[in-house]
Amino acid sequence: QVQLVESGGGFLQAGGSLRLSCAVSGGIFSIRLSTMGWYRQAPGKQRELVADITSGGDTNYTDSVKGRFTISRDNAKNTVYLQMNSLKPEDTAVYYCNANLQLYSWSNLVAYWGRGTQVTVSS
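So, here's what we can say about the structure. (Residues numbered from 1 in each chain as written. Predicted model: local features only at pLDDT ≥ 70, side-chain atom pairs only at ≥ 80, totals over all residues. Heavy atoms only, no water.)

## Topic: unusual backbone geometry
Positive phi values are uncommon outside glycine, yet N78 reaches one of about 50°. Position of N78 relative to the elements: it lies in the loop between β7 (69-74) and β8 (79-84). For S86, which is not glycine, the phi dihedral falls at a positive 50°. With respect to the secondary-structure elements, S86 resides in the loop between β8 and β9 (93-102). (Helix = DSSP H or I, 4+ residues; strand = E, 2+ residues; numbered from the N terminus.)

Written out as structure tokens, the structure reads:
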């Protein structure tokens, strides 16, 4: 089974920084490890894309985090990161890692999700 394990969440005050990591393991990545990203969901809200990054390094961010968050990946380690600076209370949410994988030559890309890590930013 493919597993995505997030780490780096925590509780901190506004203005602080945090780096989330997500390591992908358990799958066969020799075919294709495609776009990876971070999503978040706050209580009472829909899950939203925070940032994603293609296998070639092209990035995409939601407007509310531009200039504050940076997504990156280490393909050799099958890991995606989210550096979060100048955190605001509005950033409080459960952050989920997402990875799109093609395990075999005959299979399609499949989206996999981590269990989520809590980020709480106090005012």
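That shown, we press on.
## Thoughts on the packing of aromatic side chains
Within the structure shown, the criterion is met by two aromatic pairs. Pairing Y39 with W113 gives two aromatic rings, centres 4.9 Å apart and planes at 65°, and the pair type is edge-to-face. A residue pair is termed long-range when its members are at least 10 positions apart, and Y39 in strand β4 (residues 32-41) and W113 in strand β10 (residues 110-113) qualify at 74 residues. Given a relative accessible area of 39%, W113 falls into the partly exposed group. Seen in terms of ring centroids, Y104 and W106 are 5.1 Å apart; in terms of plane orientation they differ by 0°. Their pairing is stacked. Taking relative accessible area as the criterion, Y104 reaches 36% and is therefore assigned partly exposed. Over the ring of Y96 we find R47, and its NZ or CZ is 3.8 Å from the ring centre. Over the face of the ring belonging to W113 we find R47, whose NZ or CZ atom lies 4.9 Å from the ring centre. (Phe/Tyr/Trp six-rings, centres within 6.5 Å; stacked < 30°, edge-to-face > 60°. Buried < 20%, exposed > 50% of the residue type's maximum accessible area, 1.4 Å probe, protein only. Lys NZ or Arg CZ within 6 Å of the ring centre and 35° of its normal.)

## Brief notes about the state of the cysteines
Inspection of every chain in the model, using the stated rule, returns one disulfide. For C22, the disulfide goes to C97, at an S-S distance of 2.1 Å. Measuring the twist about the S-S bond at about -85°, one finds the C22-C97 disulfide to be left-handed. Of this pair, C22 sits in strand β3 (residues 18-25) while C97 sits in strand β9; the two residues are 75 residues apart in sequence, bridging distant segments of the chain. C97 carries the same exposure label as C22, and that label is buried. (Disulfide = S-S within 2.5 Å.)

## Let's talk about the pairing of strand β11 (residues 117-122)
Burial of β11 is one-sided: the residues T117, V119 and V121 facing one way are buried, the residues Q118, T120 and S122 facing the other way are not. With four bridges connecting them, strand β2 (residues 10-13) and β11 associate as parallel partners. When the sheet's bridge partners are listed, Q13 is paired in β11 with S122. Bridge count for β9 against β11 is three bridges, and the pairing is antiparallel. When the sheet's bridge partners are listed, Y95 is paired in β11 with T117. (Pairing = 2+ DSSP bridges.)

## Concerning the environment of G67
On the secondary structure map, G67 appears in the loop between β6 (59-61) and β7. Given the relative accessible area of 82%, G67 is considered exposed. Residues G67 and M84, 17 residues apart in the sequence, show an inter-C-alpha distance of 9.6 Å.

## Let's talk about the side chain of N98
As for its position among the elements, N98 is in strand β9. There is a polar contact of 3.4 Å between the side chain of N98 and the side chain of N100. (Polar contact = N/O pair within 3.5 Å; in protein donor to acceptor, adjacent residues only side chain to side chain.)

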